[in-house]
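# Residue-level structure breakdown
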Amino acid sequence: SDQRVGQEAGVMVFSVEDGTPAKKSGLSFGDVILKFNGKSISNSEDLTGLLGEEAIDRLAKLSVLRGGNVVELEITPTTGREE
């Protein structure tokens, strides 16, 4: 099953700030987020929509395209910044 990932899918990560859930999850520059908890992401609106109230402080799984490989990460979204 040759799964081709088109570039229309996913959200490219352009910056990961220290102290953020993204940083703690292991996301890095250039990663492309393909799925959030198994739901396909095709644009940043999709991602924002899935990061609502019900996602806060709950462990979620991210599927990320990194250098041609799909990597599974875990992230716990939080509200705002942690000091």
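A short tour of the structure in this document, coming up. (Residues numbered from 1 in each chain as written. Predicted model: local features only at pLDDT ≥ 70, side-chain atom pairs only at ≥ 80, totals over all residues. Heavy atoms only, no water.)

The next point concerns unusual backbone geometry. With phi around 50°, N37 is a residue other than glycine that occupies positive phi space. Among the secondary structure elements, N37 is positioned in the loop between β2 (32-36) and β3 (39-40). The residue D57 is not glycine, and still its phi comes out positive at about 60°. Structurally, D57 is set in the loop between α2 (44-50) and β4 (60-66). When its relative accessible area of 58% is taken as the criterion, D57 is described as exposed. (Helix = DSSP H or I, 4+ residues; strand = E, 2+ residues; numbered from the N terminus. Buried < 20%, exposed > 50% of the residue type's maximum accessible area, 1.4 Å probe, protein only.)

Among the five residues that make up β2, four are buried, leaving the element largely enclosed by the rest of the structure. Strand direction decides the pairing type here: β2 and β4, joined by four bridges, are antiparallel. Bridged to V32 within β4 is L65. Examined bridge by bridge, β2 and β3 share two bridges and lie antiparallel to one another. Among the inter-strand pairings, F36 is bridged to a residue of β3, identified as K39. The hairpin turn running from β2 into β3, its antiparallel successor, is two residues long, and N37 in that turn takes a positive phi close to 50°. (Pairing = 2+ DSSP bridges.)

Structurally, F14 can be placed in the loop between β1 (11-12) and α1 (21-25). Taking the C-alpha atoms as reference points, F14 and S28, 14 residues apart in sequence, are found 8.2 Å from one another.

This paragraph deals with the pattern of salt bridges. Summed over all chains, the structure comprises three salt bridges. Two residues, R66 and D31, come together in a salt bridge whose shortest N-O distance is 2.7 Å. You can see R66 sitting in strand β4 and its partner D31 sitting in the loop between α1 and β2, a full 35 residues away along the chain. Residue R66 is classed as partly exposed on the basis of its relative accessible area of 30%. Taking relative accessible area as the criterion, D31 reaches 2% and is therefore assigned buried. Across the salt bridge formed by K61 and E74, the nearest N and O atoms sit 2.9 Å from each other. A residue pair is termed long-range when its members are at least 10 positions apart, and K61 in strand β4 and E74 in strand β5 (residues 69-75) qualify at 13 residues. The partly exposed category is assigned to K61, whose relative accessible area is 43%. (Salt bridge = Lys/Arg side-chain N within 4 Å of Asp/Glu carboxyl O.)

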